[in-house]
Amino acid sequence: MCGIVGGVCKNNITPILIDGLEHLEYRGYDSAGVVVLDKNNILSRARSVGKVANLKKNISHRKIPLLGSSGIAHTRWATHGEPSNRNAHPHICNHSVSIVHNGIIENFLQLKTQQQAQGYNFTSDTDTEVIVHAIHQALKNTNSLLTATQKAIKTFIGAYGIGVISPQYPGHIIATRSGSPLIIGVSKKGNFIASDQMALLNITRDFIFLEEGDIADITLNSVIIYAKNGKQVRRQIKTSTLKNQQISLGKYKHYMQKEIFEQPQAIRDTLESRITKKTVLVSAFGHRAKEIFKTIKHIQIVACGTSYHAGLVAKYWLEDIAKIATSVEVASEYRYRKPVILPHTLFVTISQSGETADTLEALKAIKKHRSKIYTLTICNCVESSLIRESELIFLTRSGPEISVASTKAFTTQLVSLALLSVAIGRCRGQISRLEETKIVSGLNRLPGLIAKTLKQEGQIIKLAKTFKDKFNALFLGRGSMHAIAMEGALKLKEISYIHAEAYPAGELKHGPIALIDKDTPVIAIAPNDELLDKLKSNLQEIKSRGSQMIVFEDESAQVTPMKSMTIVPTTTDLGRITAPIIFTIPLQLLSYHVALIKGTNVDRPRNLAKSVTVE
Ligand code: G6P
């Protein structure tokens with residue numbers, strides 16, 4: 001979603017801001033803009049609809065170059081107001097304050113009415129513009145940009161990460177956050193702000209992660225931070241372990257492709273020091289994990305998108321292996337329901353980014369509940385808001401995921417949830433040593449098995465070609481494979497824009513079979529499990545409707561070949577934990593190659609954002 005970068009430095013800041021915006025492109029956006037305080041102490045701004053490349057062109061065509069040592073910049077993902085120059089950030093009030101904003105100001109209409117009555121002229125349709133006017137108004141009664149911003153934010157309801165500059169206070173940037181992430185990058189070249197580390201990795205590895213409600217006054221040589229209560233605080237500088245090669249494409253054409261092929265290593269990293277040869281280390285979930293896992297009676301999983309699908313798979317494992325009642329729900333629904341929360345519930349949030357607004361709000365809401373509940377976050381980003389809000393944490397360690405379509409984050413979430421199922425199963429005395437050893441050895445084999453499955457790319461490229469003129473596709477699975485089918489369908493629609501649905505194969509007769517014709521390919525997942533014969537009958541039903549079928553099978557499943565059916569023996573003799581993880585791989589490759597054929601923007605599909613930090 002929207003991205004922020006800004007800073008105060010010794011030299012011209014424009015190239016740093018543009019480079020930062022380019023590194024934030026992966027988040028998803030539809031316009032971009034930059035403002036610098038030029039040598040005449042004037043706010044000099046450029047904004048463009050579309051890619052950062054358009055903004056660069058716009059800047060290079062200016063008669064007066066955009067030069068200055070302090071500035072703020074933004075990539076906007078439209079919420080209030082269409083993508084247009086006038087709605088793009090930074091916003092400016094009366095040539096004297098400029099801001100960039102991530103998040104949503106929910107009471108903007110009320111503030112707008114008040115500000116219009118005070119004589120403020122609105123030049124955009126955004127909620128954001130009330131921020132710049134509020135700070136301008138507050139500046140009338142103080143001679144500090146910090147105090148004015150502190151005063152203004154008290155009137156906002158909603159979520160924000162904000163960067164502020166003003167010609168009246170040259171060399172200062174004010175940065176504040178509540179509900180939206182914001183970090184400060186410190187370096188010898190200057191001090192910077194950004195919505196995530198990616199924007200600043202070419203400048204520094206040293207970051208301060210602002211906490212909820214923090215506000216910082218940043219200059220070339222100083223960073224002074226005040227907590228929500230107004231008191232000055234010290235926040236630790238942390239050195240990022242992200243390496244350039246982790247965020248560069250290397251030999252790959254797209255980040256999605258790179259991330260698909262990184263899965264064997266990502267899973268090795270997830271397992272590292274979390275298992276022995278035969279057992280799962282319960283302490284990997286936190287020092288109180290054992291005590292908590294022994295006490296819990298229910299599990300509630302809440303997540304969004306791909307992470308939600310990981311939760312759906314985990315329900316099968318947790319109930320099967322740990323024998324614990326588990327519910328899974330999308331966060332955007334859960335947070336607004338009045339759910340019955342039973343005492344001794346473990347509330348599990350799953351998230352790649354750790355910043356998804358709905359998941360975070362659901363977690364915050366549950367923590368207010370009076371029943372005895374515990375919280376666990378499974379996440380890929382150590383400094384994220386979800387991690388900070390949770391009692392128990394488990395990092396997926398998949399490394400930075402840049403492509404909007406999630407791949408390695410998903411499979412490492414599954415591995416983490418498999419470990420969780422075994423850990424809880426052991427603490428509850430529900431899993432035998434033998435069974436645990438079997439699961440652990442299956443997990444240890446996973447990186448090798450995935451590497452083998454990835455070698456089938458050639459065959460999948462051929463299959464992808466048959467989707468060239470297709471508009472619909474149906475994915476089928478049974479048991480935990482239904483969740484994998486859902487993930488396969490989501491990937492296909494996200495990046496190839498083909499309408500795809502997933503159904504539990506047993507539901508075929510209750511509706512979706514009406515859609516099946518020769519133009520609707522059906523993709524089925526056939527593991528060799530107790531539901532195999534039922535799935536085979538479902539395939540017969542499809543055959544009689546003349547549809548093209550693609551079956552990813554466990555070799556030992558021996559699906560009978562039929563007319564218009566392509567069988568892809570994906571691997572063999574998988575267990576109930578390894579199977580869903582392995583069957584994910586060909587589905588990822590299929591959607592990637594279909595998207596290539598369709599010519600879409602694979603890594604940055606239209607209208608989507610990597611991290612959905614607003615509702
Ligand atoms: C967005 C992304 C998805 C992701 C979902 C949840 O929709 O495009 O790839 O699965 O958010 O994100 P999270 O960071 O919470 O896993």
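Everything below is about the structure printed above this text.
Everything numeric in this text was worked out from a predicted model, so none of it was measured.

S.K.: Talk me through the side chain of Thr-453; I want residue IDs and the actual numbers.
M.R.: Position of Thr-453 among the secondary structure elements: in helix α15 (residues 433–454). When neighbours within four sequence positions are excluded, Thr-453 is seen to be in contact with Thr-570, Ile-582, Ile-585 and Pro-586.

S.K.: Which residues make up the state of the cysteines, and what are the values?
M.R.: The tally for this structure, following the rule as stated, stands at zero disulfides. The thiol of Cys-2 is unpaired, and the distance to the nearest cysteine sulfur, on Cys-304, comes to 17 Å. What makes Cys-2 buried here is its relative accessible area of 12%. Left unpaired, Cys-381 is separated from the closest cysteine sulfur, that of Cys-379, by 5.3 Å. You can call Cys-381 partly exposed: its relative accessible area is 27%.

S.K.: An account of the nonpolar core is needed here, citing residue identities and associated values.
M.R.: One finds Phe-293, Leu-346, Ile-424 and Phe-475 to be the most contacted residues of the largest nonpolar core, which totals 89 residues. If you look at the next biggest cluster of nonpolar residues, it comprises 33 residues, including Val-5, Ile-18, Leu-66 and Leu-242.

S.K.: An account of the side chain of Glu-553 is needed here, citing residue identities and associated values.
M.R.: Inspection of the secondary structure puts Glu-553 in strand β24 (residues 549–554). Within the buried set, Glu-553 has no salt-bridge partner at all; the shortest N-O distance to an opposite charge, 7.0 Å, is to Lys-536. If we ignore the near neighbours within four places in the chain, the residues touching Glu-553 are Ala-526, Gln-558, Val-559, Ile-567, Val-568, Pro-569, Thr-570, Thr-571 and Phe-583.

S.K.: Quick one: what's the story with the pattern of salt bridges, residue by residue and with numbers?
M.R.: A complete count under the given rule lists 25 salt bridges for this structure. Between Glu-262 and Lys-258 there is a salt bridge whose closest N-O contact spans 3.1 Å. Classification of Glu-262 by relative accessible area gives partly exposed; the value is 22%. What makes Lys-258 buried here is its relative accessible area of 6%. Residues Asp-358 and Arg-335 are paired through a salt bridge, measuring 2.6 Å at the closest nitrogen-oxygen approach.

Conventions used here
- Residues numbered from 1 in each chain as written.
- Predicted model: local features only at pLDDT ≥ 70, side-chain atom pairs only at ≥ 80, totals over all residues.
- Heavy atoms only, no water.
- Helix = DSSP H or I, 4+ residues; strand = E, 2+ residues; numbered from the N terminus.
- Contact = heavy atoms within 4.5 Å.
- Disulfide = S-S within 2.5 Å.
- Buried < 20%, exposed > 50% of the residue type's maximum accessible area, 1.4 Å probe, protein only.
- Core = buried A, V, L, I, M, F, W, Y, C linked by side-chain atoms within 4.5 Å.
- Lys, Arg positive; Asp, Glu negative; His and termini not counted.
- Salt bridge = Lys/Arg side-chain N within 4 Å of Asp/Glu carboxyl O.

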